[in-house]
Amino acid sequence: MEASAIRLDVAAAADAVALHARPSADYAQREQRARALLRQAHAEFGDALVQASSLGVEDMVLTDLLVSEGLPVPVAMLDTGMLHVQTLALLERAQRHYARPFEVWRPDADAVAAFVAREGDTPMYRSVELRHACCALRKLEPLARMLHGRQAWIVGLRHEQSAQRGALQARALDADGRTKFSPLLDWTLGDVWHYVALNAVPYNPLHDQHYPSIGCAPCTRAVAVGEDQRAGRWWWENDGAKECGLHVAPAAVSPRSNASTGDHA
Ligand code: SF4
């Protein structure tokens, strides 16, 4: 199955702010709670704290909140080698907008080359096992390096995104015992876009093309009106999980790279 072959009966591109920005009645309190949690996270963990960003809209809101609070928390992203050009362009735009470099963590080039030589460019469509192998190689292994030596991370999960995320806590321990903060857990999609509108937050133009959740290009599609917010992720799989393991259990780490700002192969 090729992603380009997927055709959906979705509306034409529309401004995501106009489409979604609808604050909850208690939006102001939600924003204050999110800010308080970010301040608390930084006060408690200092340099051992990182924001893991996909550059999706929730993560852009979190980066904006961190900057507006004056919290010098590094922003780190995974460049899997399979991202949309729009996502890579947003990386450049966001770094300019916030006048701070983001950390970019990449998979092991030799391991990727061997995997592609053996399985091809898009093995994820052939089996769930190959999809998980690709995610392990391109996401989980560099994530483990990103988190190595750090005690806490900030992520953009929201209860509303999926049934699997409905029971999460705003502060929790991950499988490796790190503290994971989810300041936007109780925000609605309308709250997120309301913040974007109020603060002119840069965002991925794919959100204007009905991509509520943006991952790797071969594994993300637009969603139709009324579909689940993560329905466009690994849409050909039917187990309903819609997760790649980033928020389950980071892989074992080989500490061959430190956490300085810049590119991390
Ligand atoms: S989301 Fe798709 S392309 Fe990206 S790492 Fe997972 S299987 Fe590979």
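Every value quoted in this text rests on a predicted model; they were computed, and no experiment measured them. (Residues numbered from 1 in each chain as written. Predicted model: local features only at pLDDT ≥ 70, side-chain atom pairs only at ≥ 80, totals over all residues.)

### Digging into the overall build of the chain
Within the chain, the secondary structure is distributed over seven helices and seven strands. Taking all 265 residues of the chain together, 38% fall into the buried category. Contacts in the chain between residues far apart in sequence, at least 24 positions, make up 77% of those at least 6 positions apart. (Helix = DSSP H or I, 4+ residues; strand = E, 2+ residues; numbered from the N terminus. Buried ≥ 20, exposed ≤ 12 C-beta atoms within 10 Å, placed from the backbone. Contact = placed C-beta atoms within 7 Å.)

### Some thoughts on the site of the ligand
Cys 134, Cys 135, Arg 138, Cys 216 and Cys 219 are the nearest of the 13 residues found near the ligand. Of the residues in the shell around the ligand, the class split is eight nonpolar, two polar and three charged. (Near = placed C-beta within 6 Å. Nonpolar A, V, L, I, M, F, W, Y, C, P; charged D, E, K, R; others polar.)

### Structural notes on the environment of Pro 183
Its location among the elements puts Pro 183 in the loop between strand S6 (179-181) and helix H7 (189-199). Counting along the chain gives 151 residues from Pro 183 to Gln 32, while the straight-line C-alpha distance between them is 10.0 Å.

### So, helix H4 (residues 85-98)
For an α-helix, the turn length of 3.6 residues means that residues three or four places apart are oriented alike. If you check H4, its first and last C-alpha atoms are 20 Å apart, about what 14 residues at 1.5 Å a residue would give, namely 20 Å. Considered for burial, the residues of H4 that qualify are Thr 87, Leu 90 and Ala 94. Buried residues in H4, looked at end-on, bunch into an arc of 50°, giving them a common side. Turned more than 90 degrees away from the buried face of H4 sit Val 85, Ala 89, Glu 92 and Arg 96, all of them exposed. Against the buried residues of H4 lie helix H3 (57-68). Following H4 by one or two positions, Ala 99 adopts a phi angle in the positive range, close to 50°. (Expected span 1.5 Å × (residues − 1). Arc of directions from axis to C-beta.)

### A look at the confidence of the model for the chain
For the chain, mean pLDDT is 88; residues scoring 70 or higher make up 85% of the total. A low-confidence stretch, residues 1-11 (pLDDT under 50), is modelled with 14 contacts involving residues beyond four sequence positions or located in other chains. Every residue in residues 249-260 scores below 50 in pLDDT, and together they form 21 contacts with partners more than four places removed in sequence or on other chains. (pLDDT = per-residue confidence, 0-100.)

### What about the packing of H3 against H7?
Across the interface, H3 lies against H7 with an axial gap of 10 Å and an inter-helix angle of 50°. Our classification of the angle between H3 and H7 gives oblique. Here H3 runs over H7; the crossing is left-handed. Counted together, Val 57, Glu 58, Val 61 and Asp 64 of H3 and Val 192, Tyr 195, Val 196 and Asn 199 of H7 form the full contact between these two elements. Looking at the contact of H3 with H7 residue by residue, the class counts come to five nonpolar, one polar and two charged. (Axes fitted to C-alpha atoms, helices over the stretch in contact; angles between N-to-C directions. Parallel < 35°, antiparallel > 145°, perpendicular 65-115°, else oblique. Left-handed = near helix turned anticlockwise from the far one by under 90°.)

### Topic: the pairing of strand S2 (residues 75-78)
Judged by which residues are buried, S2 turns out to be covered on both faces: Val 75 and Met 77 on one side and Ala 76 and Leu 78 on the other are all buried. Inspection of the sheet shows strand S1 (residues 49-53) paired to S2 by three bridges, in the parallel sense. Looking at the pairing, Ser 53 lines up with Met 77 of S2. Where the polypeptide runs from S1 across H3 and back to S2, its parallel neighbour, the crossover connection is right-handed. Pairing analysis gives three bridges linking S2 to strand S3 (residues 103-105), with the strands arranged parallel. (Pairing = 2+ DSSP bridges. Right-handed = clockwise from strand over helix to strand, strands pointing away.)

### Re H7
When we look at burial in H7, the residues that qualify are Asp 191, Val 192, Trp 193, His 194, Tyr 195 and Val 196. In this structure, the buried side of H7 is in contact with helix H1 (16-20), helix H2 (27-45) and H3. With its phi angle positive at about 50°, Ala 200 sits one or two positions after the end of H7.

### Considering the pairing of S1
Counting buried positions over the five residues of S1 gives five, a clear majority of the element. Side-chain alternation along S1 places Leu 49, Gln 51 and Ser 53 on one buried face and Val 50 and Ala 52 on a second face that is also buried. Where S1 lies against strand S4 (residues 152-154), three bridges are found, and the strand directions are parallel. Counterpart to Leu 49 in the pairing with S4 is Ala 152.

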